[in-house]
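What follows is each chain in one-letter form.
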Amino acid sequence: MSRLQPVYFALDFETGEEALSFLDLNQLNGIPVKVGMELFYKEGPTILSNLHERGHPIFLDLKLHDIPETVRRSMRNLAGLNVDVVNIHAQGGSEMIRAAKKGLQEGAVGKPPLLLAVTMLTSTDQSIMQEEMLLAHPLSNIVKHYSELAEQSGADGVVCSVEEAAVIKSTTSLLTLTPGIRLVGGETHDQKRVATPEQANQEGSDSIVVGRAIRDADHPRVIYETIKEAFTYGQTTIDS
Ligand code: C5P
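Please read all numbers here as calculations on a predicted model, not as lab measurements.

Caption draft 1: Summary view of the layout of surface pockets. Taken as a whole, the largest pocket holds about 570 Å³ of empty space. Considering the residues around the largest pocket, the lining is formed by 29 residues, among which Asp12, Lys34, Asp61, Lys63 and Gln191 are closest to the centre. Secondary structure elements with two or more residues in the lining of the largest pocket: β2 (33-36), α2 (37-43), β3 (58-64) and β8 (207-210). By residue class, the composition of the lining of the largest pocket is 13 nonpolar, 8 polar and 8 charged.

Caption draft 2: Molecular detail of the packing of helix α4 (residues 68-78) against helix α5 (residues 94-107). In the contact formed by α4 and α5, the axes pass within 7 Å of each other and the chain directions differ by 25°. The angle between α4 and α5 places the two elements in the roughly parallel class. Like other packed secondary-structure pairs, α4 and α5 cross with a definite hand, here right-handed. Along the contact surface, α4 presents Pro68, Val71, Arg72, Met75 and Arg76, while α5 presents Glu95, Met96, Ala99, Ala100, Lys102, Gly103, Leu104, Glu106 and Gly107. When its residues are assigned to classes, the contact of α4 with α5 shows 7 nonpolar, 2 polar and 5 charged.

Caption draft 3: Focus on the side chain of Ser147. Turning to its location among the elements, Ser147 is positioned in helix α7 (residues 139-152). On the accessibility criterion, Ser147 (1% relative accessible area) is buried.

Caption draft 4: Local environment of the site of the ligand. The ligand sits among 16 residues. The nearest are Asp12, Lys34, Gln191, Gly211 and Arg212. Here an oxygen atom of the ligand and a side-chain polar atom of Lys34 are 2.7 Å apart. Between Arg182 and the ligand, the recorded distance is 2.9 Å, taken from a side-chain N or O atom to an oxygen atom. When isolated, the ligand has an accessible area of 470 Å², and the protein chains bury 88% of it. Given that more than half its atoms are within 2 Å of the pocket grid, the ligand belongs to the largest pocket. Breaking the shell around the ligand down by element, the ones donating at least two residues are β3 and β8. When its residues are assigned to classes, the shell around the ligand shows 7 nonpolar, 3 polar and 6 charged.

About the thresholds
- Residues numbered from 1 in each chain as written.
- Predicted model: local features only at pLDDT ≥ 70, side-chain atom pairs only at ≥ 80, totals over all residues.
- Heavy atoms only, no water.
- 1 Å grid on protein atoms, 1.4 Å probe; cavity = no way out; pocket = protein on both sides within 12 Å on 5 of 7 lines; lining within 4 Å.
- Points joined across faces, edges and corners; volume = space filled by probe spheres on them.
- Helix = DSSP H or I, 4+ residues; strand = E, 2+ residues; numbered from the N terminus.
- Nonpolar A, V, L, I, M, F, W, Y, C, P; charged D, E, K, R; others polar.
- Axes fitted to C-alpha atoms, helices over the stretch in contact; angles between N-to-C directions.
- Parallel < 35°, antiparallel > 145°, perpendicular 65-115°, else oblique.
- Left-handed = near helix turned anticlockwise from the far one by under 90°.
- Contact = heavy atoms within 4.5 Å.
- Buried < 20%, exposed > 50% of the residue type's maximum accessible area, 1.4 Å probe, protein only.
- Near = heavy atom within 4 Å.
- Polar contact = N/O pair within 3.5 Å; in protein donor to acceptor, adjacent residues only side chain to side chain.
- Areas by Shrake-Rupley, 256 points an atom, 1.4 Å probe, with all protein chains shown as cover.
- Sits in = over half its atoms within 2 Å of the grid points.

These figures capture arrangement, not role.
See below:
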């Protein structure tokens, strides 16, 4: 049932023109891409049509989190946009997750997109949770709990950090998609729970998302291939 690709390149660019010319310039045509809020809010569904025409599998990362009825109706619209994967925040609760699933089924022409639930953002750590969100449980327990909730409510998978992937794989039948990926020695930026593509493979992630490590590289195509190989085989032979 999986339409989840092993590696998604996060198209975190200001405009569609910038994103498409980056893909052309670096011979990244047809690779699986993630379109997030920055690009979608600027370009709308047009960027999805452009990418679709160029053969890119698409993960539309809008992380919906609202009342169940709004999420159901929004997902009904997103289901018609020819994307493979969409997501919501698990923190929206079971009713909202079920509503998301229902909306996708109502709006899909063929097979509905896969529904992933974001557990806890990889830019959040235990101290942010405790001091700012007043969540006293250990982060790993919360992620496990949200994953179980997501599975029971009909999600196909979760977005989590590599640190949590193995536990989720052993306790649920969910797909796991993991952002926060960095090559050894790479800048972590705003991400708190980072891991290498090799670690993602070893922990049983089904899919990884990589943005800045590719976008800001001197040789993006080489880095993309290096990451893809490291994730697929758990090691790399390509010099980066
Ligand atoms: O540049 P970097 O590789 O950190 O980009 C990660 C991408 O994954 C960003 O587009 C971000 O929005 C997304 N993401 C994330 N954490 C999540 C879900 C999505 O970092 N839990």
